[in-house]
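Overview (structure and organization)
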Amino acid sequence: MRCFRICVIGLLLIGSLCAQVATGRITGRIIDASGAVVQGAKVKSVNIQTNVETSAVSTSEGVFDLLNLIPGQYRVQVDMSGFKHY
């Protein structure tokens, strides 16, 4: 019985270790000056050290999600026709 408990505890600990990842994400919501959401805006992040680019497009709610980013500093650009470059 003691061996069974140790095995169960060991499996629980291993399961929690698997949840650790070495990447991050940048998530946001794009709105205009009046507070309306901006759908279809092109969002690009550039890692300052490596120049690796990741891009996404904002959803109908104006939400974007840049996934699997390695740790570092990023420059984020948002482009949409009819708006100033930001």
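Cut-off values and rules
- Residues numbered from 1 in each chain as written.
- Predicted model: local features only at pLDDT ≥ 70, side-chain atom pairs only at ≥ 80, totals over all residues.
- Heavy atoms only, no water.
- Buried < 20%, exposed > 50% of the residue type's maximum accessible area, 1.4 Å probe, protein only.
- Helix = DSSP H or I, 4+ residues; strand = E, 2+ residues; numbered from the N terminus.
- Pairing = 2+ DSSP bridges.
- Axes fitted to C-alpha atoms, helices over the stretch in contact; angles between N-to-C directions.

Let us now look at the pairing of strand S3 (residues 53-57). Alternating positions in S3 separate cleanly, Thr54 and Ala56 being buried on one face and Glu53, Ser55 and Val57 remaining unburied on the opposite face. By the bridge criterion, five bridges tie strand S2 (residues 42-47) to S3 in an arrangement that is antiparallel. When the bridges of S3 are listed, Val46 appears paired with Glu53. The hairpin turn running from S2 into S3, its antiparallel successor, is five residues long, and Asn51 in that turn takes a positive phi close to 60°.

Another aspect to go through is unusual backbone geometry. Negative phi is the rule for most residues except glycine; trans is the rule for most peptide bonds. Its identity is not glycine, yet Asn51 carries a phi of approximately 60°, on the positive side. Note on placement: Asn51 falls in the loop between S2 and S3.

The next thing to look at is the sheet that holds S3. Pairing within the open sheet is antiparallel, and its three strands lie in the order S3-S2-S5. Looking at strand neighbours, the two that pair on one side only are S3 and strand S5 (74-79), the edges of this open sheet. Ignoring which end each strand starts from, the neighbouring axes of this sheet average 15° apart. Across six bridges, S2 lies against S5 in antiparallel orientation. The partner of Val46 across the bridge, within S5, is Arg75.

The quantities given are spatial measurements derived from coordinates; they are silent on function.
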